[in-house]
Amino acid sequence: MAARWQLRRISTKLCYVVRAARSLSGVLRLVLFGVSWAVVTALLLVTVLHLVHSEPWTLIVALISVTPWIYMLAWVTASVGLLFHRRALVGISTVLVALQLWWVVPDFDPVSHLEPLPAGAVSLSLFDANVSQSNRNLTEIAGEIRRDKPQVVAMEELTPLSLSSLKSTHVMDHYPYRLVRPLYGSYGMALWSVYPLAGATEWHARNHPELRAWLQLPGSRRVRIDVLHTTAPVGAGEPGYWADQLGVFRTELAHEPRPLVAVGDFNATWYDWHFQALLGLGLRDAAVVAAQGWRMTWPRDQQPVVPYARIDHVLISQGVSLQSYAIGEGKGSDHHSLLVRLGVR
């Protein structure tokens, strides 16, 4: 009799445990659904703004710039919908995944389109680095230049202090032709070349200095080069200011003679419609041509966070071929440097 009573007590307690577990499972399921729908709703808002070319706030600019990563959440919500048979969640998530692939696949093109140097073309190696306005020691970047021996060097965010550091290395003594405009903040710009620079001038995109010149190459060849940089779209009103600068880039590059190379820190990724508008001018993204669109350039100094955005670019027009593309260290800066080898016909 006692044994039967004990069994009944155990059975009752087990029932309570099962009911509690079911109740907890129901709560967790509701929380999971709630979080999934919140994520999907947020992604839908970002998607609509993306499709209508509206980036009014810093957060929206940031989310669009990391399209390859932020839309991975749609894969998770699609999995949740499939697991619990929620058709609406699956359907909307699938649309978001499809849009992600539509945007990302061309950028992450795995097929290299590098070309051998065309017959009669002149080879040109170009190094570019945003050296960071807070970086006072350019010894490491100077070491990259000394090692790689590029024929053209471009820099953004070059301050008077960082220029002094660079001069102390004497690496730039090998570049007799130059247009150097050191300034504090993000405004310092510079261009050095072993080849003569013709018509080297400074121009402005909404008060931000930019540089342009003709590179006079051997064999009576020449190529136009623009060194470009925008302010970061961070803070109240800054996204609009940044968008205006990129709009000025588009207007100026549309009227620049060809062949053309545009290089620098655009503070924009492949997924910003402003950047796509630049490509619409017939320019090609060197990273994508080299099947390296997946390699990010910023930030390089926030370990353990790995670089997650590609905002430094080399754009080339018809008449310019690409033989190689490499991402350098850029030590001392928050950006990786770039080194490309081009062929100018």
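Please read all numbers here as calculations on a predicted model, not as lab measurements. (Residues numbered from 1 in each chain as written. Predicted model: local features only at pLDDT ≥ 70, side-chain atom pairs only at ≥ 80, totals over all residues. Heavy atoms only, no water.)

Caption draft 1: Structural context of the sheet that holds strand 6 (residues 208-217). Strand order in this open sheet of 6 strands is 5-6-7-8-10-9, and the pairing throughout is mixed. Both outer strands of the open sheet, strand 5 (197-205) and strand 9 (284-285), are each paired with one neighbouring strand and no more. (Pairing = 2+ DSSP bridges. Helix = DSSP H or I, 4+ residues; strand = E, 2+ residues; numbered from the N terminus.)

Caption draft 2: Broad picture of the environment of glycine 293. Residue position: glycine 293 is located in the loop between helix 10 (286-289) and strand 10 (312-316). Counting along the chain gives 168 residues from glycine 293 to serine 125, while the straight-line C-alpha distance between them is 20 Å. Discounting residues that sit within four places of it in the chain, glycine 293 has contacts with Asp107, Phe108, Ala287, Val288 and Arg310. (Contact = heavy atoms within 4.5 Å.)

Caption draft 3: Summary view of the sheet that holds strand 4 (residues 189-193). Spatial strand order, 3-4-2-1-12-11: 6 strands in an open sheet with mixed pairing. A single partner strand is all that each edge strand has here, and the edge strands are strand 3 (177-181) and strand 11 (320-327). Along the sheet, successive strands turn relative to each other by an average axial angle of 15 degrees, direction set aside. (Axes fitted to C-alpha atoms, helices over the stretch in contact; angles between N-to-C directions.)

Caption draft 4: Representation of unusual backbone geometry within the structure. Here the bond from tryptophan 298 into proline 299 is cis, since omega is -10 degrees, no more than 30 degrees from zero. By secondary structure assignment, the location of proline 299 is in the loop between helix 10 and strand 10. In this structure, proline 304 follows glutamine 303 across a cis peptide bond, with omega equal to 10 degrees. Topologically, proline 304 is positioned in the loop between helix 10 and strand 10. In this structure, serine 220 is a non-glycine residue whose phi angle is positive, near 60 degrees. Considering the arrangement of structural elements, one finds serine 220 in the loop between strand 6 and strand 7 (221-229). Accessibility expressed as a relative area gives 77% for serine 220, which makes it exposed. (Buried < 20%, exposed > 50% of the residue type's maximum accessible area, 1.4 Å probe, protein only.)

Caption draft 5: Geometry of the pattern of salt bridges. Following the criterion strictly, the structure yields 9 salt bridges and no others. Notably, a salt bridge pairs arginine 147 with aspartate 148, separated by 3.0 Å at the nearest N-O pair. With a relative accessible area of 56%, arginine 147 lands in the exposed category. A salt bridge links arginine 206 to aspartate 244; the nearest nitrogen and oxygen atoms lie 2.5 Å apart. (Salt bridge = Lys/Arg side-chain N within 4 Å of Asp/Glu carboxyl O.)

Caption draft 6: How the structure looks around the nonpolar core. One finds Leu228, Phe249, Leu253, Phe266, Phe275, Leu278 and Leu315 to be the most contacted residues of the largest nonpolar core, which totals 39 residues. The set of elements that each furnish at least two residues to this core consists of helix 1 (2-51), helix 2 (58-65), helix 4 (72-83), helix 5 (87-107), strand 5, helix 8 (238-255), strand 8 (260-265) and helix 9 (273-279). Contacts of phenylalanine 249, omitting those with residues within four sequence positions, involve Trp203, Ala205, Glu210, Leu228, His229, Thr230, Phe266 and Leu278. Judged by nonpolar contacts, the second largest core, of 33 residues, contains Leu124, Leu197, Val289 and Ile316. (Core = buried A, V, L, I, M, F, W, Y, C linked by side-chain atoms within 4.5 Å.)

Caption draft 7: Looking closely at a nonpolar patch on the surface. A surface patch of nonpolar side chains, amounting to about 430 Å² of accessible area, comprises Val48, Leu51, Val52 and Trp102. Inspection of the secondary structure assignment puts valine 48 in helix 1. According to the relative accessible area criterion, valine 48 is partly exposed, its value standing at 48%. (Patch = residues over 30% accessible without salt bridge, like charges linked within 9 Å, V, L, I, M, F, W, Y side chains within 5 Å. Areas by Shrake-Rupley, 256 points an atom, 1.4 Å probe, with all protein chains shown as cover.)

Caption draft 8: Molecular detail of the environment of leucine 117. Residue position: leucine 117 is located in the loop between helix 5 and strand 1 (122-130). Residues leucine 117 and proline 150, spaced 33 residues apart in sequence, show a C-alpha to C-alpha distance of 17 Å. Discounting residues that sit within four places of it in the chain, leucine 117 has contacts with Val122, Ser123, Gln323, Leu342 and Gly343.

Caption draft 9: Just the packing of helix 4 against helix 5, in detail. At a minimum axis distance of 8 Å, the contact between helix 4 and helix 5 shows a crossing angle of 155 degrees. Between helix 4 and helix 5, the angle falls in the class roughly antiparallel. Crossing of helix 4 against helix 5: the hand is left-handed. On helix 5, the residues that touch Met72, Ala74, Trp75, Thr77, Ala78, Val80, Gly81 and Leu82 of helix 4 are Leu89, Val90, Ser93, Leu96, Val97, Gln100 and Leu101. For the contact of helix 4 with helix 5, a count of residues per class yields 11 nonpolar, 4 polar and no charged. (Parallel < 35°, antiparallel > 145°, perpendicular 65-115°, else oblique. Left-handed = near helix turned anticlockwise from the far one by under 90°. Nonpolar A, V, L, I, M, F, W, Y, C, P; charged D, E, K, R; others polar.)

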